[in-house]
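Examination of the molecular architecture
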Amino acid sequence: MGIADQFKDKAQELADQAKQKSDKGKDAAGDRAKDAGDRGDGKAGLRDRADDAADQARERFDR
């Protein structure tokens, strides 16, 4: 086996490792997003808080 073959094998091995890590990261991110949705900690919660703050501001200045 020549040096070029060794480099190709190592490059393929590293590419496979990177793909596995990437897939794991996507799975973990999907799980975190699902968990946040289950708890209600998503954009909807932030949107509700923003709407409440806007309503309070309107009430203060609509005297």
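Here goes a summary of the coordinates provided. These numbers come from a predicted model, not from an experiment.

**Comments concerning the overall build of the chain**
Along the chain, the regular secondary structure elements total 2 helices and 0 strands. By element, 51% of the accessible surface of the chain is carried by carbon and sulfur atoms, the whole surface being about 5900 Å².

**Topic: the pattern of salt bridges**
Working definition: two side chains of opposite charge can pair if their charged atoms are close together. Tallying each qualifying case throughout the model produces 2 salt bridges. Between Glu13 and Lys10 there is a salt bridge whose closest N-O contact spans 3.8 Å. Pair noted here: Glu13 and Lys10 are both in helix α1 (residues 3-39), with a separation of 3 residues, about one helical turn. A salt bridge links Asp55 to Arg58; its shortest N-O distance comes to 2.7 Å. Of the two residues, Asp55 and Arg58 both sit in helix α2 (residues 43-61), 3 residues apart, roughly one turn of that helix. Residue Asp55 is classed as partly exposed on the basis of its relative accessible area of 37%.

The rules we used
Residues numbered from 1 in each chain as written. Predicted model: local features only at pLDDT ≥ 70, side-chain atom pairs only at ≥ 80, totals over all residues. Heavy atoms only, no water. Helix = DSSP H or I, 4+ residues; strand = E, 2+ residues; numbered from the N terminus. Areas by Shrake-Rupley, 256 points an atom, 1.4 Å probe, with all protein chains shown as cover. Salt bridge = Lys/Arg side-chain N within 4 Å of Asp/Glu carboxyl O. Buried < 20%, exposed > 50% of the residue type's maximum accessible area, 1.4 Å probe, protein only.

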